[in-house]
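So you can see what is in the structure, the chains are spelled out below.
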Amino acid sequence: MKYLFALLFLVFLNLCKKETVKSITIKEDVTFLSDDALEGRQTGTEGEKAAAKYIAKRLEDLGLEGKGTNEYFQAFSFKPKTNPHQKVNYTLKDGDSIITGTNVLGFINNNAENTIVIGAHYDHLGYGAEGSLHRGEQAIHNGADDNASGVAVMLNLAEKLKTKNTNNNYLFMAFSGEEMGLLGSNYFVKNATIDTKRINYMINMDMVGRLKADSTLAAYGVGTSPILKQTLKAHNSNFKLIQKESGIGPSDHTSFYNVDIPVLHFFTGQHEDYHKPSDDFEKLNYKGMQTISNYIFEVISDLDNNGKLPFRKTKNESEETPRFKVGLGVIPDYLFDGKGMRIDGISEDKPAQKAGLQKGDIVVKLGDSTVVDMMSYMKVLATFDKGNKTKVVVDRKGELVEAEINF
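Residues numbered from 1 in each chain as written. Predicted model: local features only at pLDDT ≥ 70, side-chain atom pairs only at ≥ 80, totals over all residues. Heavy atoms only, no water.

For the rest of this paragraph, the subject is the overall build of the protein. In terms of regular secondary structure, the protein is built from 10 helices and 15 strands. Here the analysis covers contacts within the protein between residues at least 6 apart in sequence; of these, 74% occur between residues at least 24 apart. Carbon and sulfur atoms make up 48% of the accessible area of the protein, which totals about 18,800 Å². (Helix = DSSP H or I, 4+ residues; strand = E, 2+ residues; numbered from the N terminus. Contact = heavy atoms within 4.5 Å. Areas by Shrake-Rupley, 256 points an atom, 1.4 Å probe, with all protein chains shown as cover.)

Below, the structure written as structure tokens:
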């Protein structure tokens, strides 16, 4: 396998030599990063190291300087958690069972006072690490959308910003260890290679490769600085834009928000291939990704003359989320803004599938409670225990369908 890595990397180096004639496209970046040869880019593996070298070479060829602790790389070692509530131990002793992840950092130095961080995580789940939703034989989880898509858009923005919008410096970061708990971004803010007090704001892209037919794009963190919401709205001519206030969420922007830095996080929604081997490059919307990249560039351009953005704390929506003893076995459409909870995917051999629910169904009633949105759905779901039975009513293409759910 190590020879296959070497061959693949040599092909990439040859592409770089031709870059003066033809820039590397978003699709080419995704295709490389989500190739089977990288074996799912699990944190600390040879596949992830090959991905890190690729990203570093791309940043170097774009003319960015290395801003890690070792040129473009910032390595961090940690002891894996033994339970989900345990804090990761970065301080290690000889003999510990450790994993080493590597952040990749490239810097555009405009000799400005402040720096904008633009990031995306590049690690994924290997052959099916914790968090995989695959139920079957071991298989490579290529993570084309999650999150080769974010890295590819990040690199596209680096190319756009090389000589534009020079009132800020730019730090481009590909994070390791996101899937294991935002480890790379958390490590960086505690061991930063630039002054974090000079970070203007942070933009994160995680799963931006599946823009749907209705062009729904979610932007999280718009409440973390007063100007963000109106700026996003002013430049939106392509998207059904869903804006969320909170700076807290399950991706790397959270690490920056937690040290009082304004954040924006872009996301095109979950899907049935999420955390499965079927998340492959052929399924991505590359035209949509380019449109997202252009949109983020316009937002950055608008903010270029605004100086350092003020930070504002936001309500932590995750603290309101109920705890569940049971589940329907569905992937909710988190970007749905109609009445009810729209189902974006069905898991095999779970209550929803056994009850005959389908992708696209909109849950409007569960038990005796009306479901008007995602939060009301979660609140009523939290009232059920294993073994309970109840009725569910869904809107299926305008027709109300009732089914029995066995938890």
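After presenting the structure, the write-up continues.
Should the charged atoms of two oppositely charged side chains come close, the side chains can pair. Within the structure shown, the criterion is met by 18 salt bridges. Measuring nitrogen to oxygen at the nearest pair gives 2.9 Å for the salt bridge that ties aspartate 29 to arginine 58. A residue pair is termed long-range when its members are at least 10 positions apart, and aspartate 29 in helix α2 (residues 26-33) and arginine 58 in helix α3 (residues 46-61) qualify at 29 residues. No difference in accessibility class separates aspartate 29 from arginine 58, as the two residues are buried. In this structure, the salt-bridge partner of lysine 49 is glutamate 46, at a minimum N-O distance of 3.3 Å. (Salt bridge = Lys/Arg side-chain N within 4 Å of Asp/Glu carboxyl O. Buried < 20%, exposed > 50% of the residue type's maximum accessible area, 1.4 Å probe, protein only.)

The next point concerns the pairing of strand β8 (residues 240-244). Taken together, the five bridges between strand β7 (residues 216-220) and β8 define a ladder with parallel strand orientation. Each bridged residue has a counterpart across the sheet, and for threonine 216 the counterpart in β8 is lysine 240. Each parallel crossover has a hand, and for β7 linked through helix α6 (residues 228-234) to β8 it is right-handed. (Pairing = 2+ DSSP bridges. Right-handed = clockwise from strand over helix to strand, strands pointing away.)

Our next topic: the packing of α2 against α3. To describe two helices that pack against each other, one gives the angle between their axes and the distance between the axes. Between α2 and α3, the least distance of the axes is 10 Å, while the angle of their chain directions is 155°. Classed by the angle they form, the pair α2 and α3 counts as roughly antiparallel. Our pair here, α2 against α3, has a crossing hand that is right-handed. Between α2 and α3, the contacting residues are Glu28, Asp29, Phe32 and Leu33 on the first element and Ala51, Tyr54, Ile55 and Arg58 on the second. Within the contact of α2 with α3, the residues separate by chemical class into five nonpolar, no polar and three charged. (Axes fitted to C-alpha atoms, helices over the stretch in contact; angles between N-to-C directions. Parallel < 35°, antiparallel > 145°, perpendicular 65-115°, else oblique. Left-handed = near helix turned anticlockwise from the far one by under 90°. Nonpolar A, V, L, I, M, F, W, Y, C, P; charged D, E, K, R; others polar.)

Moving on: the environment of threonine 370. Take threonine 370: it is sitting in strand β13 (residues 369-370). Beyond its immediate stretch of four places on either side in the chain, threonine 370 contacts Val364, Lys365 and Ser376.

Within the largest apolar cluster, 61 residues are counted, with the highest numbers of intra-cluster contacts made by Ile118, Phe172 and Phe266. If we skip the residues at most four places from it in the chain, isoleucine 118 touches Met154, Leu157, Leu161, Tyr170, Leu171, Phe172, Met173, Ile203, Met205 and Ile300. In this structure, Val330, Ile343, Ala403 and Ile405 belong to the second largest nonpolar core, which totals 22 residues. (Core = buried A, V, L, I, M, F, W, Y, C linked by side-chain atoms within 4.5 Å.)

Side chains of residues three or four places apart in an α-helix project in the same direction, reflecting 3.6 residues per turn. Helix α10 (residues 374-381) sits mainly inside the fold: six of its eight residues count as buried. Looking only at α10, the buried set comprises Met374, Ser376, Tyr377, Met378, Val380 and Leu381. Between the side-chain oxygen at the start of α10 and the backbone nitrogen of methionine 375 there is a gap of 3.4 Å, and the oxygen is on aspartate 373. (Polar contact = N/O pair within 3.5 Å; in protein donor to acceptor, adjacent residues only side chain to side chain.)

Attention now goes to the side chain of aspartate 123. Along the chain, aspartate 123 falls in the loop between β4 (115-121) and α4 (144-160). For aspartate 123, the side chain forms a polar contact with the side chain of histidine 121, separated by 3.0 Å. A distance of 3.1 Å separates a polar atom in the side chain of aspartate 123 from the backbone nitrogen of glutamate 178. Sequence-distant contacts of aspartate 123, defined by excluding residues within four places in its chain, comprise Arg41, Thr43, Glu48, Asp146, Phe175, Ser176, Gly177, Glu178 and Glu179.

A separate point is unusual backbone geometry. Between aspartate 146 and the following residue, asparagine 147, the backbone shows a cis peptide bond with an omega angle of 0°. By the element assignment, asparagine 147 lies in helix α4. Phi is positive for glutamate 71, which is not a glycine, with a value near 55°. Phi is positive for asparagine 111, which is not a glycine, with a value near 55°. Note on placement: asparagine 111 falls in the loop between β3 (99-108) and β4.

Our next topic: the pairing of β4. Counting buried residues along β4, seven of its seven residues qualify, which places the element largely inside the surrounding structure. Going residue by residue along β4, you find Thr115, Val117, Gly119 and His121 tucked away on one face and Ile116, Ile118 and Ala120 tucked away on the opposite face as well. Bridge count between β4 and strand β5 (residues 169-175): seven bridges; the pairing is parallel. Each bridged residue has a counterpart across the sheet, and for valine 117 the counterpart in β5 is leucine 171. Taking the sense of rotation as the criterion, the β-α-β connection linking β4, α4 and β5 turns out right-handed.

In this section: the packing of aromatic side chains. Here the structure, examined in full by the defined rule, presents 11 aromatic pairs. A centroid spacing of 5.2 Å and a plane angle of 55° characterise the contact between phenylalanine 239 and tyrosine 295, whose relative ring orientation is tilted. Here phenylalanine 239 is found in the loop between α6 and β8, whereas its partner tyrosine 295 is found in helix α8 (residues 286-303), with 56 residues between them in sequence. Classification of phenylalanine 239 as buried rests on a relative accessible area of 9%. One cation-aromatic arrangement involves lysine 67 over phenylalanine 107; the distance from NZ or CZ to the ring centre is 4.8 Å. (Phe/Tyr/Trp six-rings, centres within 6.5 Å; stacked < 30°, edge-to-face > 60°. Lys NZ or Arg CZ within 6 Å of the ring centre and 35° of its normal.)

Every buried residue of α2 is listed here: Ile26, Asp29, Val30, Phe32 and Leu33. In an axial view of α2, the angular spread of the buried residues amounts to 165°, which keeps them on one side of the axis. (Arc of directions from axis to C-beta.)

Let's shift gears to the environment of phenylalanine 172. Along the chain, phenylalanine 172 falls in strand β5. Take phenylalanine 172: its relative accessible area is 0%, and that puts it in the buried class. Separated by 113 residues in the primary sequence, phenylalanine 172 and leucine 59 have C-alpha atoms spaced 8.6 Å apart. Apart from residues lying up to four places away in sequence, phenylalanine 172 is in contact with Leu59, Leu64, Val104, Leu105, Gly106, Ile108, Ile118, Met154, Leu157, Ala158 and Leu161.

So yeah, pure geometry; function would need other evidence.
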